[in-house]
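Here are the chains, one letter per residue:
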Amino acid sequence: MQHIKLLNPPEVIFRANWRDRYETKVSQWLIPWDGKEAVDIGFIGVPLSKTSISVSGASLTPNAFRELFPKITTYNMDADIDLQELRARDLGDIEMHVTDLPRCHANIEQGLTNLFQALPNLFPVIAGGDHSITYPAVKAFKRRFAGKVGLIQFDSHMDVRNLLDGGPSNGTPVRSLLESGTVEGRHIVQIGIHSFANSKFYREYAAAQGITQFTARQVAREGIDRLAERAMQIAGDGTEAIYVTVDMDVLDQAYAPGVPAMAAAGMTSWQLLDALFQLGTDSKVRGLDIVCVDPLQDYRRATVRTALYAMLTFLTGYRKRDA
Ligand SMILES: [Mn+2]
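Residues numbered from 1 in each chain as written. Predicted model: local features only at pLDDT ≥ 70, side-chain atom pairs only at ≥ 80, totals over all residues. Heavy atoms only, no water.

As recorded in an unreviewed UniProt entry, the chain goes by Ureohydrolase and comes from Lucifera butyrica. We quote the UniProt Sequence similarities (unreviewed entry) comment for the chain here in full: "Belongs to the arginase family." (UniProt positions renumbered as here; feature names shortened; annotations may be inferred.)

Structure (C-alpha cells):
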C-alpha cells in the first residue's frame, strides 16, 4: 500500500444506504483509492480558500462534491456512456497549513509532484479550492512533460492581477504562470471573460502577452463548439499537453448562485458542459481543475451539482477518446 506524502485520505466518505440493482451512483464508482489498485483517473481535493480575494468557503468544495456522489448516477444518456467503465478513484486531499498560505501553495505543488511520480499515467481531476491553486497545480503538471504546456481557462475573470496589491490569490494564477515561464501567453485561451469584471489595463496586458480571449458575449453569439475547437488548436499548437481550468464564476449568476465573484449574463451551463465534453475527447488534454465554488453561499447545492456535472461531462468525453 502506497502512501503519497502531502496527500491525505478523503476527509469524508458518503455512501447510499439503498441501491437499485440496475443503477450505479458516483459513490459506488469513485470510491477511495486503496493505495494499491491500478487507477487511471484520480479525484484530488485541494481545500484552500483563505487565498481568495472575496470571502470564500471554497475549501469545503471537495467534501461538498463527495456529499453529492451518492445522488448522481454514472450514466451519460446523451453520449450513451457509463463512466463506470473508467478506472477512477478518490485519492483524497492535499494537506494544508492553517495559517501559512505560501506553504499551502508549496504543498499543492509538492503533493501533486509526489502523486505524479507515484502514478505517472494518472489523469488528475482536481477539485478546489479557490483559483490560486491553479498556479502550483500547473507547475507540478508541467514537470510531467518534456516540452511546453497549454492552458484553457473558463472564467469571467482574466486572473492576471499584479502581485504587489495582494500577493498570490485567486486573482493572480495566470499572471504567476506567465511570469514564472510555466506557460506562454500564446498557449493560453480564456473563455467566458466578462465585461464589468475586468479592466482595460489587464485586457491590454493579456493581449500583449499573446493570450487569446473569447468573451461570454462571443460565446453567446458565435457558439461554443467552434470556439472550443479553436481553443484546443491554440493551446495545443507547439505544446505537449493542455491543462483545463474551470472557474465556476464563468457561468451566469442564474446558473451559479454559489460562487464568490458572481457575474451577470455569463455562460450557460450547457455551453460549459458542451465545451468540456469536447475538451475531454482531446487526447492532448491531460489535467483538469474546477475551482471557486462556495458551498456556504450555494442554494441547495445548485452550483456544486453543476460543477460535478461539468466534471462528469468532461470525463464522458475522456471515455470517448479511448473508445
Ligand atoms: Mn478565476
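Moving on, there is more to tell.
Student: Where do I start with the overall build of the chain in this structure?
Tutor: Of regular secondary structure, the chain possesses 10 helices and 11 strands. For a compact globule of 323 residues, the expected C-alpha radius of gyration is about 20 Å, and the chain comes in at 18 Å, within 12% of that figure. Taking the principal axes of the C-alpha coordinates as reference, the chain spans close to 55 × 40 × 40 Å. Across the 323 residues of the chain, 58% fall into the buried class. Across the chain, contacts joining residues at least 24 apart in sequence account for 79% of those joining residues at least 6 apart. Of the roughly 14100 Å² of accessible surface on the chain, 50% is carried by carbon and sulfur atoms. (Helix = DSSP H or I, 4+ residues; strand = E, 2+ residues; numbered from the N terminus. Rg over C-alpha atoms; globule rule 2.2 N^0.38 Å. Buried < 20%, exposed > 50% of the residue type's maximum accessible area, 1.4 Å probe, protein only. Contact = heavy atoms within 4.5 Å. Areas by Shrake-Rupley, 256 points an atom, 1.4 Å probe, with all protein chains shown as cover.)

Student: Would you mind showing me how to read the environment of Val12 here?
Tutor: On the secondary structure map, Val12 appears in the loop between β1 (7-8) and α1 (26-29). Apart from the residues lying within four places of it in its own chain, the contact partners of Val12 are Asn63 and Arg66.

Student: Could you clarify how one ought to interpret the sheet that holds strand β9 (residues 212-215) in this entry?
Tutor: Strand pairs in the sheet, formed through backbone hydrogen bonds, run parallel or antiparallel to each other. Taken in spatial order, the 9 strands make up an open sheet running β1-β5-β2-β6-β11-β10-β7-β8-β9, and their pairing is mixed. Lying at the two open borders of the sheet, with one neighbouring strand each, are β1 and β9. Bridge count between strand β10 (residues 241-247) and strand β11 (residues 285-291): 6 bridges; the pairing is parallel. Opposite Ile242, over in β11, you have Val285 as the bridge partner. Sitting on the sheet, helix α2 (residues 61-68) is in contact with β2 (41-46), β5 (88-94) and β6 (123-128), with an inclination near 130° to β2. (Pairing = 2+ DSSP bridges. Axes fitted to C-alpha atoms, helices over the stretch in contact; angles between N-to-C directions.)

Student: Looking at this structure, I do not really get the coordination of the manganese ion. What am I missing?
Tutor: Six octahedral donors at a metal ideally form angles of 90 or 180 degrees, and four tetrahedral donors ideally form angles of 109.5 degrees. Distances from the manganese ion to its protein donors, namely His131 (ND1), Asp155 (OD), Asp159 (OD) and Asp247 (OD), fall within the range 2.1 to 2.3 Å. Counting the intervening residues between successive donors of the manganese ion yields the motif H-x23-D-x3-D-x87-D. Taken together, the positions of Asp159 in the loop between β7 (149-154) and α5 (173-179) and Asp247 in strand β10 put the pair 88 residues apart, joining distant regions of the chain. Under the relative-accessibility criterion, Asp159 is labelled buried at 7%. (Donors = N, O, S within 2.8 Å, 3.2 Å for Na, K, Ca; no water.)

Student: Looking at this structure, how should I read the packing of aromatic side chains?
Tutor: Any aromatic ring pair is given by two values, namely how distant the centres are and how the planes are angled relative to each other. All told, the structure shown has 7 aromatic pairs when counted by the stated rule. Geometrically, the ring pair formed by Phe123 and Tyr318 is edge-to-face, given 5.0 Å between the ring centres and 70° between the ring planes. One end of the pair, Phe123, is in strand β6; the other, Tyr318, is in helix α10 (residues 302-322), and 195 residues separate them in sequence. Through pairs of rings, three or more aromatic residues link up here, namely Phe43, Phe65 and Phe69. Its end group placed over the ring of Tyr205, Arg175 keeps NZ or CZ at 4.3 Å from the ring centre. (Phe/Tyr/Trp six-rings, centres within 6.5 Å; stacked < 30°, edge-to-face > 60°. Lys NZ or Arg CZ within 6 Å of the ring centre and 35° of its normal.)

Student: Would you mind showing me how to read unusual backbone geometry here?
Tutor: Trans is the common state for peptide bonds, and a negative phi is the common state for residues other than glycine. For the bond running from Gly128 to Gly129, omega is 15°, close enough to zero to count as cis. With a phi close to 75°, Leu6 is a non-glycine residue in the positive phi region. Counting through the fold element by element, Leu6 comes out in the segment before β1. Phi is positive for Arg300, which is not a glycine, with a value near 50°. Within the element layout of this structure, Arg300 appears in the loop between β11 and α10.

Student: Explanation requested: the environment of Ala16 in the structure shown.
Tutor: Along the chain, the position of Ala16 falls in the loop between β1 and α1. Each C-alpha atom, one on Ala16 and one on Lys71, is 8.2 Å from the other, the two residues being 55 residues apart in sequence. Ignoring anything within four residues of it in the chain, the contact list for Ala16 reads Ser27 and Pro70.

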